[in-house]
Amino acid sequence: MTGAELGARLREGDLTAAPAVLNLVESGGPAAREEVAALLREISPAALGGEAPAHVVGVTGPPGAGKSTLLGELVRAWRAGGRSVAVLAVDPSSRRSGGALLGDRARIPFDPSDDGVFIRSTAAAGRLGGLAPATRAAAHALSAAYDVVVVETVGVGQSETEVAEVADSVAVVVQPGSGDVLQFLKAGIMEIPDVLVVTKADLREVALRARRDLHAALRSLGETDVPVLAVCAVAPVTGIDDLVAALDAHRAGLDVAARRLAARRASALADFAAEHGERGLRALGGRRAAQQALEASDPGADVPALVSVLEGRVGA
Amino acid sequence: MMRTYAGHSTARKSNELYRSNIAKGQTGLSIAFDLPTQTGYDPDHELARGEVGKVGVPIAHKGDMHAVLDGIALDEMNTSMTINATAAWLLALYIVVAEENGLDPAALQGTTQNDIIKEFLARGTYAFPPAPSMRLIADMVAYTIDGVPRWNPVNICSYHLQEAGATPVQEIAYAMSNAIAVLDAVRERVPQELMGRVFGRISFFVNAGVRFVEEHAKLRAMAVLWEEIGRERYGVRDPKHLRFRYGVQVNSLGLTESQPENNVQRIVLEALGVTLGRDARARAIQLPAWNEALGLPRPGDQQWSLRIQQVLAYETDLLEYPDLFEGSKVMDGLVAELLEGARAEMAIVDEHGGAVGAVQYMKAALVDSHRARIRRIEAGEQVIVGVNRFTETEPSPLLAGADGGILTVDPQAEAEQREAVERWRAERDQAAVDEALATLRAVAAGEGNIMEPTIAAARAGATTGEWAGALRDAFGEFRAPTGVGEAAAGPADSQALEALREEVARVSDVLGRRLKILVGKPGLDGHSNGAEQIAVRARDIGMDVVYEGIRLTPSQIAASALQEGVHVVGLSILSGSHRELIPTVVRTLRERGVDAPVVVGGIIPEADVEPLLDAGVAAVYTPKDFDLTRIMGDIVALVARACEGPSAASGHGAGASA
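Residues numbered from 1 in each chain as written. Chains lettered and ligands numbered in written order. Predicted model: local features only at pLDDT ≥ 70, side-chain atom pairs only at ≥ 80, totals over all residues.

(A) Examining the overall build of chain B more closely. Helix and strand content of chain B: 25 helices and 15 strands. For chain B, whose C-alpha radius of gyration is 24 Å, the value lies close to the compact-globule estimate of 26 Å for 658 residues. Counting only C-alpha atoms and orienting by the principal axes, one finds that chain B spans roughly 75 × 65 × 50 Å. Residues counted as buried form 57% of the 658 residues belonging to chain B. Sequence-distant contacts, at least 24 apart, represent 77% of the contacts inside chain B between residues at least 6 apart. (Helix = DSSP H or I, 4+ residues; strand = E, 2+ residues; numbered from the N terminus. Rg over C-alpha atoms; globule rule 2.2 N^0.38 Å. Buried ≥ 20, exposed ≤ 12 C-beta atoms within 10 Å, placed from the backbone. Contact = placed C-beta atoms within 7 Å.)

The following block contains the structure:
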């Protein structure tokens, strides 16, 4: 199946195309790159007559915060509301051998006969919280067909920045008692997320205190609008509906076109850097110059087209 | 006390087996339950398919319990039940059967295994999340201390930890930490003055491996630690309560499929290790049969194991002397060394907030130890006679019979059991059952003791699946950590591994993306050690590995394989249900359009290999294939052949082995 055919199937809302789409975007080599470009052209804003309809949600946070368990409950809630969901779980356990153990999907219960849920695990190429080019492309592609596309990553202080480059809404998940996020927020090391989620609300006092501390930290930074929610994703489950509502509210107040445009430009820059390295960026006159070039480009262009714009300037 | 662990097919067939074992001089009953009973599913549940009556007896309601105990005097019998997640339920059924036979529950003697932490760590037959599981255990202890005072409600198992790879130090430390977690939970439910009696009712179930001198030292070290914990942590004073009481099942990890007749002397030596010194002698011993690595033992095989114990007890002079090791410098030194190691390891568990909080840590540590063991065997540093040394052999004299040396369960048994449970549901007083289950749900969601409503539900005729279902509603479902994500990176030292890594990289280039494998365990079998080792090794040679843990339905495996875009599927199965489950998995994969080759590993009798290959399986591995690197080589070659065609393959393996 060619990239163009897969793109057309996604445009028509054919969810069964998802496994083949992922197999393609994860493939390396020039031929595959051409096919991916063809796929993305089929679902570019120009081809779709607007931005892809999905709500792209980033879920990130430190290891052990309970992200996967929370996702399991979120998937259940979205499905109950009739929304189709694709989860791209980026696993950090990349090793010297190049191999990775992808264990996340084990914690996301799903009904195997339900075609409305798609879960794919990918190894993070390199550092903690990093997004592989394939994950960005997959998020762009699947957002044409699914109602919700989740990108799940691990880390604090870096990953939420990268996730923000592909997601409409970013939820940072922390467990009570882990001070990292609080410190990073205060020190300005991490970006302010769109939603903060404190898990393990069954720990009552501890969870309440964590929520209060995060509120206080946000207030001191002048951020009074960021919702901080407490959830419990193990029985008895609480707070999931509120979280769904908070994510929806953020999306409703968002200039989707502007955020997606920024996401495409950021992806193009990341793809270019992955392909050509620092040397390539220098040839463009540095990162800032590259960003300016992208800002001057056609707002309807897809990522491969934007990468071509940058590559054209190197050649010029 | 002498027992053999038994039960299979149906309650009626198991009852016949128990009666004949008792006639041969067995002095206690040890009931093995099938996996649906252990995990709380009725025989007609989707997950029970292929598992009913396989590794033990199916008990779906009090009618089955009546049948399995028919004609056995419960007030004279000491009954050990290997049951954990659903222990409260099976004890309730046992109590109700005794009552309906006109006996006072206070006369009942026996043990429910009821050790849930080792289920999360090693054995896999858990049903509920850790916190409510601990509460069930605490409720049982609080109930039995007065209600069934001669019952051992909890049997802390270090047995399965060793099977999962634990070193002696880990076995001691994790078992003790586990007991502490149980006792801490019980302490909140009973008055302090009862703690001595509670402490005295906790018994252990340990493993005895073939390094029998060190194993003996391990038991002495456990006795020392146990007394210390009783005195210092729980303020127990009565020496009778402080005694370390344990039963033993000797090691089956070390039993081999090749030259299986050698297992007999292994079992004898292991039995010696736990009886040698009087100060740390086992109270109850059960010996496995020589053919456990092959399949289900036959009655004659079990008789042989019983006779080993009888020779040891009645022919030798072993029981005539005081403790043989008193004053032995070597033994004291060994014990001191183990104590030091165990205390250090217990401190680490404590830092994780105790055994419940440390499940993930302990699991990863066990996966690491097990991997080290396999590596030693592969490298020939640890000798296993007939496996990695002295492999030249005559045909085994024990495998000559027409049945291939094992017992096979009639597949009809499952269908009969399915119909029987439907009949049972149709014929009982449904209103009484509904009411009992409603009460159970309410108590589970609150703080009351779960035993009373459980016994009421048993009396009313509720089924195992209904009882567990009510609690799943209240407690939620749970999947235990797999331990493989945390396992440390493997050694880079081996040339064979390095060569494989290069081959994986080459095949990945041909494929266009990294070679990806799905490792799955279909069915209810929770013995995940083998699957975990395969998963870790696959990662170490550079594959992307999707590992979903245990208890997967064929359609879950197929959906995951499709969504994850894997190039090969590896299935592990030890419960004997491969004949039903594996062909279903292969068919479901193909129906969903996944054409990745499927390999299978586990306890698979020779006679079943050919039918599996006919069903579309590409290769079958049994316990005699101990060399993981070779298996990996086969798998890489298999994928290479699939993507390049047979002529282009340059795999390292010798091709599919059967």
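(B) Looking closely at the interface of chain A and chain B. Residue-level contacts link 30 residues of chain A with 35 residues of chain B. Of all the elements in the fold, those that place two or more residues in the side of chain A that touches chain B are helix H2 (18–25), strand S3 (100–102) and strand S4 (117–123) of chain A. Residue contributions to the side of chain A that touches chain B peak at 5 residues, all from S4 of chain A. The residue inventory of the side of chain A that touches chain B, partitioned by class, reads 13 nonpolar, 11 polar and 6 charged. Taken together, the 3 bridges between S3 of chain A and strand S12 (residues 544–547) of chain B define a ladder with parallel strand orientation. Note that in S12 of chain B the partner of Leu102 of chain A across the bridge is Val546 of chain B. (Nonpolar A, V, L, I, M, F, W, Y, C, P; charged D, E, K, R; others polar. Pairing = 2+ DSSP bridges.)

(C) Structural view of helix H25 (residues 628–644) of chain B. Residues and elements named next belong to chain B. For H25, which comprises 17 residues, the first-to-last C-alpha distance of 24 Å matches the rise-based estimate of 24 Å (1.5 Å per residue) to within 8%. The complete set of buried residues in H25 reads Leu628, Thr629, Ile631, Met632, Gly633, Asp634, Ile635, Val636, Ala637, Leu638, Val639 and Ala640. Elements that come into contact with the buried residues of H25 comprise helix H15 (359–378), helix H20 (495–511), helix H21 (529–540), strand S13 (568–573), strand S14 (598–602) and strand S15 (619–621). Following H25 by one or two positions, Gly645 adopts a phi angle in the positive range, close to 85 degrees. (Expected span 1.5 Å × (residues − 1).)

(D) Quick look at the environment of Val367 of chain B. Residues and elements named next belong to chain B. Turning to its location among the elements, Val367 is positioned in helix H15. In this structure Val367 comes out as buried when scored by C-beta crowding, with 26 C-beta atoms within 10 Å. The sequence separation of Val367 and Leu287 amounts to 80 residues, and the corresponding C-alpha distance is 26 Å.

(E) Local environment of unusual backbone geometry. Look at Lys200 of chain A: it is not a glycine, yet its phi comes out positive at around 60 degrees. Relative to the helices and strands, Lys200 of chain A resides in the loop between strand S7 (195–198) and helix H9 (205–220). The backbone phi angle of Phe390 of chain B is positive, close to 55 degrees, even though this residue is not glycine. Note that Phe390 of chain B resides in the loop between H15 and helix H16 (412–427). On the basis of neighbour count, Phe390 of chain B is assigned to the exposed category, with 12 C-beta atoms found within 10 Å.

(F) The arrangement of the confidence of the model for chain B in detail. Residues and elements named next belong to chain B. Taken residue by residue, chain B gives an average pLDDT of 88. The fraction at 70 or more is 93%. Every residue in residues 647–658 is under pLDDT 50, and counting partners more than four places away or in other chains gives 31 contacts. Here the complex is predicted with pTM 0.80, and the ipTM for its interfaces comes to 0.90. (pLDDT = per-residue confidence, 0-100.)

(G) Region of the structure containing the pairing of strand S5 (residues 109–112) of chain B. All names here are of chain B. As defined by bridge partners, strand S4 (residues 78–82) adjoins S5 across 4 bridges and the pair is classed as parallel. Each bridged residue has a counterpart across the sheet, and for Ser80 the counterpart in S5 is Thr111. Pairing of S5 with strand S6 (residues 151–152) involves 2 bridges; the strand directions are parallel. Residue Thr111 lies in a different strand from S6, and its bridge partner there is Asn152.

(H) Layout of the pairing of S4 of chain A. Residues and elements named next belong to chain A. Here S4 lies mainly inside the structure; 7 of its 7 residues are buried. Side chains Val117, Ile119, Ser121 and Ala123 project from S4 onto one buried face, and the interleaved Phe118, Arg120 and Thr122 project onto a second face that is buried too. Here strand S2 (residues 85–91) runs beside S4; their pairing, made up of 7 bridges, is parallel. What sits directly across from Val85, in S4, is Val117.

(I) Representation of helix H17 (residues 430–445) of chain B in the model. All names here are of chain B. With 16 residues, H17 ought to run about 22 Å at 1.5 Å a step, and its terminal C-alpha atoms sit 23 Å apart, in line with that. Buried within H17 we find Ala436, Leu437, Leu440, Val443 and Ala444. One side of H17 holds all its buried residues, which, seen down the axis, span an arc of 125 degrees. (Arc of directions from axis to C-beta.)

(J) Main features of the sheet that holds S12 of chain B. Taken in spatial order, the 6 strands make up an open sheet running S3(A)-S12(B)-S11(B)-S13(B)-S14(B)-S15(B), and their pairing is parallel. Each end of this open sheet is capped by a strand with a single partner; those strands are S3 of chain A together with S15 of chain B. Here the strands of the sheet are splayed against their neighbours by 20 degrees on average, with no regard to which way each runs. As paired elements, strand S11 (residues 516–520) of chain B and S13 of chain B share 4 bridges and run parallel to each other. The residue of S13 of chain B that forms the bridge with Val519 of chain B is Gly570 of chain B. In the packing of helix H22 (residues 554–564) of chain B onto the sheet, contacts are made with S11, S12 and S13 of chain B, and the angle to S11 of chain B comes to roughly 165 degrees. (Axes fitted to C-alpha atoms, helices over the stretch in contact; angles between N-to-C directions.)

(K) Region of the structure containing the packing of H20 of chain B against H25 of chain B. Residue and element names in this part refer to chain B. Contact pair H20 / H25: the axes reach a minimum separation of 10 Å and the direction vectors enclose 20 degrees. Accordingly, the angle class assigned to the pair H20 and H25 is roughly parallel. Both H20 and H25 take part in a crossing whose hand is left-handed. Contact residues: Ala496, Leu497, Leu500, Glu503, Val504, Val507, Val510 and Leu511 in H20; Thr629, Met632, Gly633, Val636, Val639, Ala640, Cys643 and Glu644 in H25. Among the residues forming the contact of H20 with H25, the class breakdown is 12 nonpolar, 2 polar and 2 charged. (Parallel < 35°, antiparallel > 145°, perpendicular 65-115°, else oblique. Left-handed = near helix turned anticlockwise from the far one by under 90°.)

(L) The packing of H17 of chain B against helix H18 (residues 451–460) of chain B, seen in detail. All names here are of chain B. Two elements in contact, H17 and H18, have axes whose closest approach is 9 Å; the angle formed by their N-to-C orientations is 165 degrees. Taken as axis vectors, H17 and H18 run roughly antiparallel relative to one another. The way H17 lies across H18 gives a crossing that is left-handed. When H17 is examined against H18, the residues Ala432, Val433, Ala436, Leu437, Thr439, Leu440 and Val443 are found in contact with a partner set consisting of Pro453, Thr454, Ala456, Ala457 and Ala460. Classifying every residue of the contact of H17 with H18 by side-chain character gives 10 nonpolar, 2 polar and no charged.

(M) Broad picture of the sheet that holds S2 of chain A. Residues and elements named next belong to chain A. The sheet built from 7 strands is open, its strands ordered S4-S2-S5-S1-S6-S7-S8 with parallel pairing. At either end of the open sheet lies a strand with only one pairing partner, and these are S4 and strand S8 (228–230). Taking the axes of each pair of neighbouring strands and ignoring which way they run, one obtains an average angle of 20 degrees across the sheet. Where strand S1 (residues 55–60) and strand S5 (residues 148–152) come together, 5 bridges link them in parallel fashion.

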